[in-house]
Amino acid sequence: MYCVKKVHDDLYWVGGSDRRLALFENVFPIPRGVSYNAYVLTDEKTVLLDTVDRAVSGVFFENLGHVLNGRPLDYVVVNHMEPDHCATLAELVLRYPGVTVVCNAKALAMIRQFFTFDIDSRVRVVKEGDTLETGAHALTFIMAPMVHWPEVMVTYDAASKTLFSADAFGTFGALSGNLFADEVNFEAEWLDDARRYYANIVGKYGTQVQALLKKASNIEIETLCPLHGPVWRRNIGWFVEKYQKWSTYTPEDESVVIAYASVYGDTENAAAILASKLADAGVKNVKMYDVSATHPSVIVSEAFRASHLVFASTTYNAGIFCNMETALLDIAAHNLQNRTIALIENGSWAATSGKLMREILGGLRNCTILENTVSLKSSLKENQLGELDALCAAILSTMPGMQPVSAPAAAANDMSAMFKLSYGLFVLTAREDGKDNGCIVNTVSQLTSTPNRVTVAVNKANYTHDMILRTGEFNASILTQDTPFELFRHYGFQSGRTVDKFEGVEMPRAANGIVYLVGVANAVISGKVAQAIDCGTHTLFIADVTELRTLSNDRSVTYQYYFDHIKPKPAPVPPEKKGFVCKICGYVYEGDELPADFVCPLCKHGAEDFEPLK
Ligand code: FEO
């Protein structure tokens, strides 16, 4: 039976989720499963954007047939030829023999490698900037080599401002009914998997991801449709910012991750004592991982998150403990950069793991490996606690957030201290002579409970201010974290003197006859002004609460949350890099000059197939 989701009026998700697969790509554990997303556009022409893994082919073909509803399938766009998205391509062609396969030249070569069906009679090869007209929509193809394979491209629909982003912006995790990222608690429940997916699948190719982000910054995106995980239609900037950090190897958090390898618990003990000392010094959220109990993909992902990494390993077979060595080689293979690293070694007769770990990690770009490796002989002794103290101090000295606040920064009149205050955000509504108006305020708070009174300070420049001053009544709708930026723009960036903010909208009214917001508000407080105090630029209204309604259990938005998650951020400007890009696979060589005998480490083409990085 089909199970489809509508993305837009003429765009449907027709993918499926797999909760049975233990190892994605036969290597990455996925306890939360994975989704394989495919999308169908039902324009004058019908277009399928990618297919799915064989594991969900049954429901995929039911979904596709249901959405097409008897119409032929005109096109299938192959953004990515990896079998988790293309395993069903041959069966698709059998079921829909009239379909035209739209792909780039590199994907065409791979289709010939993977399949034996007749591709040449039904292929339309596209290149950077080519467009496929489908009626009301026009799909433009943007090459994204090495995000994650050389043939990857993404597809942009300007009409709906939708980017079909292939593996980019994907995540591990099966979908459970909620297709959209704003319908799940993404930061709390999905971000770790999204980071683990990114770091392990494309973490090595930060430069190529940067190239794609640069192209994407030139187009307007309102919907982001990846090949794995939720679809994005809100707060896209928040996720793009994560990609900016991950692809430039910039730590997300100033924090310490300690990965340890311990056979009998003594190395673990030293790691735990260091963690405790760091915590005592004020470092929050220190994380410890036993490399024997933690999959390397988690260690890689955490290394992409945290600014400071500690590796503590016993010596084993005169080398690094095997699971630690695997984790370190995996980190090195993923091109991690810009970290501070500390080491602890252990050995009962000849400790070598510190030196060997330093050799592996010494190849990481722009990483500082602290000098003072703590060396244990079998177990930590009382007289070595000072060495752990010194290591702790060395780590702290490289954490800007842990430095004592200097006297000048703490001086009087530091206005940034005002930004430490916490506020909510509210739509303050009033009504006068049959006209409704409202504005955004952040100053509603309870004054007393007996009698129940609130205060709100309103800027005199606001039309709502004048209405409340004259009528003595208002409603304060308490906004939630789901409030879109558009609402803040609507009520906060224009004046009720020149615009009717409630034109054409029906909203409920409280007993005082004043409108209040629903859907984006979790409660409304009605107030009757008892006192108005002139405070210069603002009037402080002290009001008796006349009515209270709880509207939902959604979390109230704070000023801080608004700035962190709702207000769009300017797209960061990627750092300028000098180098040469392989025209065949997209590999980037960084440097002023490309050696004449250079051979691409990915596709093995020579220097003649490189061009300067633009
Ligand atoms: Fe989801 Fe690179 O395949």
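Everything in this summary refers to the structure shown in the same document. Fair warning: this is a prediction, and the values are worked out from it, not measured in the lab. Residue indices follow the written sequence of each chain, beginning from 1 at its first position. In keeping with the model being predicted, local features are shown solely for residues with a pLDDT of at least 70 and side-chain atom pairs are shown and tallied solely at 80 or more, while totals for entire chains, interfaces and linings include all residues. For side-chain calculations, the full set of non-hydrogen atoms in the structure is used, while hydrogens and water are omitted.

### Overview of the overall build of the protein
A run of DSSP states H or I qualifies as a helix once it reaches four residues; a run of E qualifies as a strand once it reaches two. Both are numbered from the N-terminal end. Looking only at helices and strands, one finds 16 helices and 33 strands in the protein. Residue burial in the protein is summarised as follows: out of 614 residues, 50% are buried. Pairs of residues are marked as contacts when any of their non-hydrogen atoms sit within 4.5 Å. In the protein, 70% of the contacts between residues at least 6 apart in sequence involve partners at least 24 apart. Here the protein has roughly 27700 Å² of accessible surface; of this, 52% comes from carbon and sulfur atoms. Each residue is placed in one exposure class: buried if its accessible area under a 1.4 Å probe, protein chains only, is under 20% of its type's maximum, exposed if it is over 50%, and partly exposed if it falls in between. Here, Shrake-Rupley sampling with a 1.4 Å probe gives the accessible areas, and only protein chains in the shown set may cover a residue.

### Quick notes on the packing of aromatic side chains
Only the six-membered ring of Trp is used, alongside the rings of Phe and Tyr, when aromatic pairs are assigned; centres must lie within 6.5 Å, and planes under 30 degrees apart are stacked while those over 60 apart are edge-to-face, with the rest tilted. In the structure shown here, the tally under the stated rule is 33 aromatic pairs. Among the aromatic residues, ring-to-ring pairing joins Phe169, Phe186, Trp190, Tyr198, Trp232, Trp238, Phe239, Tyr243, Trp246, Tyr249 and Phe304 into one connected group. Lysine NZ or arginine CZ positioned within 6 Å of the ring centre and within 35 degrees of the ring normal marks a charge as sitting over the ring. A cation over an aromatic ring shows up here: Arg32 above the ring of Trp190, its NZ or CZ 4.3 Å from the ring centre. The aromatic ring of Phe61 is capped on one face by Arg95, whose charged end is 4.1 Å from the ring centroid.

### Quick look at the packing of helix α7 (residues 206–216) against helix α8 (residues 236–247)
Structural elements are reduced to axes, namely lines fitted to C-alpha atoms, with helices fitted over the stretch in contact, and the angle between N-to-C directions of any two is expressed from 0 to 180 degrees. Packing of α7 against α8 brings their axes to within 9 Å, and their N-to-C directions diverge by 145°. Of the two possible hands of crossing, α7 and α8 adopt the one that is left-handed. When α7 is examined against α8, the residues Gly206, Thr207, Val209, Gln210 and Leu213 are found in contact with a partner set consisting of Val240, Tyr243, Gln244 and Ser247. When residues are sorted by character, Ala, Val, Leu, Ile, Met, Phe, Trp, Tyr, Cys and Pro go into the nonpolar class, Asp, Glu, Lys and Arg into the charged class, and all the rest, Gly among them, into the polar class. Considered class by class, the residues forming the contact of α7 with α8 number 4 nonpolar, 5 polar and no charged. Handedness of a helix crossing follows the sense of rotation of the near helix relative to the far helix, less than a right angle counterclockwise being left-handed and clockwise being right-handed.

### Thoughts on the pairing of strand β7 (residues 39–42)
Side chains Tyr39 and Leu41 of β7 all project onto a buried face; the interleaved residues Val40 and Thr42 project onto the opposite face, where all are buried too. Of the pairings in the sheet, the one linking strand β2 (residues 11–13) to β7 comprises 3 bridges and is antiparallel in character. Its bridge partner being in β7, Tyr12 is matched across the sheet by Val40. Only when DSSP finds a minimum of two bridges between them are two strands counted as paired. Of the pairings in the sheet, the one linking β7 to strand β8 (residues 46–49) comprises 4 bridges and is antiparallel in character. Paired with Tyr39 across the two strands is Leu49, which belongs to β8. The hairpin turn running from β7 into β8, its antiparallel successor, is 3 residues long.

### Description of a nonpolar patch on the surface
Excluding any residue in a salt bridge, patches collect residues exceeding 30% relative accessible area, merging like charges within 9 Å and nonpolar Val, Leu, Ile, Met, Phe, Trp and Tyr side chains within 5 Å. Every case where a carboxyl oxygen of Asp or Glu lies within 4 Å of a side-chain nitrogen of Lys or Arg is listed as a salt bridge. Together, Val263, Tyr264 and Tyr316 give the surface a local cluster of nonpolar side chains, amounting to about 370 Å² of exposed area. Looking at the element boundaries, Val263 is found in the loop between β17 (253–261) and α9 (266–280). You can call Val263 partly exposed: its relative accessible area is 39%.

### Comments concerning the sheet that holds strand β13 (residues 138–143)
One open sheet holds the 5 strands; their spatial order is β12-β13-β14-β15-β16, and the pairing between them is mixed. Both outer strands of the open sheet, β12 (131–133) and β16 (223–225), are each paired with one neighbouring strand and no more. Pairs of neighbouring strands in the sheet enclose a mean axial angle of 20°, with direction left out of account. Summarising the sheet, strand β15 (residues 162–164) and β16 pair through 3 bridges and their orientation is parallel. The residue of β16 that forms the bridge with Thr162 is Thr223.

### Details of helix α1 (residues 57–68)
To estimate how far a helix should extend, the number of its residues minus one is multiplied by 1.5 Å. Compared with an ideal rise of 1.5 Å per residue, which puts 12 residues at 16 Å, α1 spans 16 Å between its outermost C-alpha atoms and is within 8% of the ideal. Considered for burial, the residues of α1 that qualify are Ser57, Phe60, Phe61, Asn63, Leu64, Val67 and Leu68. All buried residues of α1 fall inside an arc of 160° around its axis, so they share one side. In this fold, the buried residues of α1 make contact with β2, β7, β8 and α3 (89–95). Our arc is simply the arc of the directions from the helix axis toward the C-beta atoms.

### Things to note about the environment of Val545
In this structure, Val545 sits in strand β30 (residues 538–550). Between the alpha carbons of Val545 and Arg112 there is a distance of 72 Å; along the sequence they are 433 residues apart. Filtering out sequence-adjacent residues up to four positions away, Val545 remains in contact with Asn452, Arg453, Val454, Ile525 and Ser526.

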